[in-house]
Amino acid sequence: MSRTATYHTTVDWKGEHWGHVVMGNGPEMDFSAPPDAHGHEGVLTPEDAFVAAANTCVMMMFIWAAERFRLNLLSYECRAEGTKLIELDRTEIFTHVRLWPAIRVSAGEGDPAVVEARVRRALKGALKYSLVANSIKSEIEVEPTIEVVS
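Residues numbered from 1 in each chain as written. Predicted model: local features only at pLDDT ≥ 70, side-chain atom pairs only at ≥ 80, totals over all residues. Heavy atoms only, no water.

**As for the packing of aromatic side chains**
Here the distance between the centres and the angle between the planes together describe a pair of aromatic rings. Summed over all chains, the structure comprises three aromatic pairs. Taking 5.5 Å as the distance between ring centres and 65 degrees as the angle between the ring planes, the aromatic pair formed by Trp64 and Tyr129 counts as edge-to-face. Of this pair, Trp64 sits in helix H1 (residues 46-68) while Tyr129 sits in helix H2 (residues 112-129); the two residues are 65 residues apart in sequence, bridging distant segments of the chain. On the basis of relative accessibility, which here comes to 33%, the residue Trp64 falls in the partly exposed class. Over the aromatic face of Trp100 sits the side chain of Arg79, whose NZ or CZ is 4.0 Å from the ring centroid. (Phe/Tyr/Trp six-rings, centres within 6.5 Å; stacked < 30°, edge-to-face > 60°. Helix = DSSP H or I, 4+ residues; strand = E, 2+ residues; numbered from the N terminus. Buried < 20%, exposed > 50% of the residue type's maximum accessible area, 1.4 Å probe, protein only. Lys NZ or Arg CZ within 6 Å of the ring centre and 35° of its normal.)

Given below as structure tokens:
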């Protein structure tokens, strides 16, 4: 049977192109539009938050999958990039989110090729079960670098 969960944020306008967000899980921070949209540098932007949401959700689901696949995860680092299209009427949409995870696992006594295949299956599972990845219209591309060490 299906169930639901609800998440909350509250934003307040602080003047000019400044806002403050309080997230339901506790963190809070100032944010702005990006500098190319009359915003400020050095703070969270909605665009940064969108790309970070996809990146962090896929990472958390990969960690979940790595545990289920009994992988000996040594490190996970992922660079992400969101590409937005700006139409002539100035409407915007993210068309792509690209993830470049660098995943390092220990093969232990296992065959490195078999372990790498398990890492790829875990990554595929992470994408399948990522709430954020499943909720966005953008194409998501993943180009992993996988290192299996003994």
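Back to the write-up after that little detour.
**Points about the nonpolar core**
If you look at the biggest cluster of nonpolar residues, it comprises 22 residues, and the most contacted ones within it are Phe62, Leu71, Tyr76, Ile103 and Val119. Those elements that place two or more of their residues in this core are H1, strand E4 (72-86), strand E5 (92-106) and H2. At six residues, H1 tops the list of elements feeding residues into this core. (Core = buried A, V, L, I, M, F, W, Y, C linked by side-chain atoms within 4.5 Å.)

**Overview of the packing of H1 against H2**
Between H1 and H2, the shortest axis-to-axis distance is 8 Å and the interhelical angle comes to 130 degrees. In terms of their interaxial angle, H1 and H2 are classed as oblique. Crossing geometry of H1 relative to H2 is assigned as right-handed. Facing Val58, Met61, Phe62, Trp64, Ala65 and Ala66 of H1, the residues of H2 in contact are Val119, Ala122, Leu123, Ala126, Leu127 and Tyr129. For the contact of H1 with H2, the residue count by class is 12 nonpolar, no polar and no charged. (Axes fitted to C-alpha atoms, helices over the stretch in contact; angles between N-to-C directions. Parallel < 35°, antiparallel > 145°, perpendicular 65-115°, else oblique. Left-handed = near helix turned anticlockwise from the far one by under 90°. Contact = heavy atoms within 4.5 Å. Nonpolar A, V, L, I, M, F, W, Y, C, P; charged D, E, K, R; others polar.)

Take it as geometry only, folks, not as evidence of what the structure does.
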